[in-house]
Amino acid sequence: MSEIGVGHYLTLSAVLFTIGVIGVLTRKNAIIVFMAIEIMLNAANLAFVTFAMSIGDLGGLVMVLFVIAVAAAEAAVGLAIIVAMYRHRETVNVEAFTAMRG
Amino acid sequence: MTGVAIAFWVLAVVAVLCSLLVVTSRNPVASVLYLVVTFFCLAGLFVTLHSHFLAAIQVIVYAGAIMVLFLFVVMLLNLGTPQWFDVATTPLTAVALVLGVGFVAALAAAGLGDFEPSVVGPAAGVPPDVLGSTEAIATALYSAYYLPFLVTALLLLVAMVGAVVLARRER
């Protein structure tokens, strides 16, 4: 209990990822769905750093930088899409976004 | 308990509580602020893992840039007050909750808490303070990973142009 190991960090990462998944599946506000995705990306980053430091591989640390860059790009484009959809529908409810339904 | 252990438990509990508040809060502005706290906790956890450079990047890019973007959109669209009951009330929601909690329980039962990796990396003997330093990451980024680094720059340019085109008002 007093010694913090790899397992503690990985368990925390799994818990945060699950909270993110639950957020994506249960919320209808598109912005909160986006924030839940950011929580999932952060949980993955935590697992990357944990493994990189424990086995001694710099690749994991560099990958976190790429994940953060992709998350920034994703947030910019995603929020622009939300703004554009809000102009058309006057709402950010994901259930109203049915334009691409087959 | 050592200092690192105390820091881990405090940061872990605050991170889990705040991320739960992010996905359960009805007010999007409150969600954004709880998310900032979660990101600061993860930066602190990176510090406990001796990865100081990534902790700084986490605070600057996530808690700084990305969160300001979120807050901007929430304010711009005037979503400060909850306008509808936005929790999905389909049977799938209950299934999601049960499967999510079951996933964590299954991982805990499988012994994730005592997991120790058996793989040995290329820099296995290096002390963690040297491995997580800015110098080590920069050396890797500008030598072995220089092509992905350049592609990331291109991706950010494309995302910037895409965001401007998408959010522009059509005439």
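Residues numbered from 1 in each chain as written. Chains lettered and ligands numbered in written order. Predicted model: local features only at pLDDT ≥ 70, side-chain atom pairs only at ≥ 80, totals over all residues.

Novice: Any chance you could explain the overall build of chain B here in plain terms?
Specialist: For chain B, the count of helices and strands is 7 helices and 0 strands. When its C-alpha atoms are laid out on the principal axes, chain B stretches across 55 × 45 × 30 Å. The long-range fraction of contacts in chain B, counting pairs at least 24 apart against all pairs at least 6 apart in sequence, stands at 53%. (Helix = DSSP H or I, 4+ residues; strand = E, 2+ residues; numbered from the N terminus. Contact = placed C-beta atoms within 7 Å.)

Novice: It is not clear to me how the overall build of chain A should be interpreted in this structure. Could you clarify?
Specialist: A tally of regular secondary structure across chain A gives 3 helices and 0 strands. For 102 residues, the compact-globule estimate of 2.2 N^0.38 gives 13 Å, and chain A exceeds it by more than 25% at 17 Å. By its C-alpha atoms, chain A is 55 × 25 × 25 Å across when sized along the principal axes. Within the span of chain A, comprising 102 residues, buried residues form 57% of the whole. Partitioning the contacts of chain A with sequence separation of at least 6, the portion at a separation of at least 24 is 45%. (Rg over C-alpha atoms; globule rule 2.2 N^0.38 Å. Buried ≥ 20, exposed ≤ 12 C-beta atoms within 10 Å, placed from the backbone.)

Novice: Looking at this structure, I do not really get the interface of chain A and chain B. What am I missing?
Specialist: How big an interface is tends to be stated in terms of accessible area lost as the parts join. In this assembly, 62 residues from chain A lie in contact with 81 residues from chain B. Only α1 (6-26), α2 (30-55) and α3 (58-89) of chain A provide two or more residues apiece to the side of chain A that touches chain B. Broken down by class, the residue content of the side of chain A that touches chain B amounts to 44 nonpolar, 14 polar and 4 charged. (Nonpolar A, V, L, I, M, F, W, Y, C, P; charged D, E, K, R; others polar.)

Novice: Where do I start with the nonpolar core in this structure?
Specialist: Ile 31, Met 35 and Val 49 of chain A are the most contacted members of the largest nonpolar core, which totals 73 residues. Contributions of two or more residues to this core are made by α1, α2 and α3 of chain A together with α1 (3-24), α2 (28-48), α3 (52-76) and α7 (146-167) of chain B. A total of 16 residues in this core trace back to one element, the largest contributor, which is α2 of chain A. When residues of this core are sorted by domain, at least three fall in each of domain 1 (1-81) and domain 2 (133-171) of chain B. (Core = buried A, V, L, I, M, F, W, Y, C linked by C-beta atoms within 7 Å. Domains from an automatic or database assignment.)

Novice: What exactly am I supposed to notice about the packing of α2 of chain A against α1 of chain B here?
Specialist: Relative orientation of the contacting elements α2 of chain A and α1 of chain B amounts to 155 degrees, with a least axis distance of 9 Å. One element, α2 of chain A, and the other, α1 of chain B, form an angle in the roughly antiparallel class. Here α2 of chain A and α1 of chain B pass one another in a crossing that is left-handed. Packed against α2 of chain A, whose contacting residues are Ile 32, Met 35, Ala 36 and Ile 39 of chain A, the element α1 of chain B presents Ser 19, Val 22 and Val 23 of chain B at the interface. Looking at the contact of α2 of chain A with α1 of chain B, its residues break down into 6 nonpolar, 1 polar and no charged. (Axes fitted to C-alpha atoms, helices over the stretch in contact; angles between N-to-C directions. Parallel < 35°, antiparallel > 145°, perpendicular 65-115°, else oblique. Left-handed = near helix turned anticlockwise from the far one by under 90°.)

Novice: Whenever I open this one, the domain arrangement of chain B confuses me. Can you help?
Specialist: Domain boundaries assigned for chain B yield domain 1 (1-81) and domain 2 (133-171). Between the C-alpha centres of domain 1 of chain B and domain 2 of chain B there is a distance of 23 Å.

Novice: Can you walk me through helix α4 (residues 91-109) of chain B in this structure?
Specialist: Residues spaced three or four apart along an α-helix point in a common direction, a consequence of the helix completing one turn every 3.6 residues. The end-to-end C-alpha distance of α4 of chain B is 27 Å, a good match for the 27 Å that 19 residues give at a rise of 1.5 Å each. Of the residues flanking the end of α4 of chain B, it is Gly 111 of chain B, one or two places downstream, whose phi is positive at about 90 degrees. (Expected span 1.5 Å × (residues − 1).)

Novice: For this particular structure, what's the right way to read the environment of Leu 61 of chain A?
Specialist: Tracing the backbone through its elements, the reader meets Leu 61 of chain A in helix α3. Overall, the presence of 26 C-beta atoms within 10 Å leaves Leu 61 of chain A in the buried class. Expressed as a C-alpha distance, the spacing of Leu 61 of chain A and Thr 91 of chain A, which sit 30 residues apart in the sequence, is 39 Å. Ignoring anything within four residues of it in the chain, the contact list for Leu 61 of chain A reads Val 49 and Ala 52 of chain A together with Ser 51, Leu 54, Gly 132 and Ile 137 of chain B.

Novice: Would you explain the environment of Pro 128 of chain B in this entry?
Specialist: Looking at the secondary structure, you find Pro 128 of chain B in helix α5 (residues 128-131). The spatial distance from the C-alpha of Pro 128 of chain B to the C-alpha of Leu 49 of chain B is 7.8 Å, given a sequence separation of 79 residues. Apart from the residues within four sequence positions on either side, Pro 128 of chain B is in contact with Met 53 of chain A together with His 50 of chain B.

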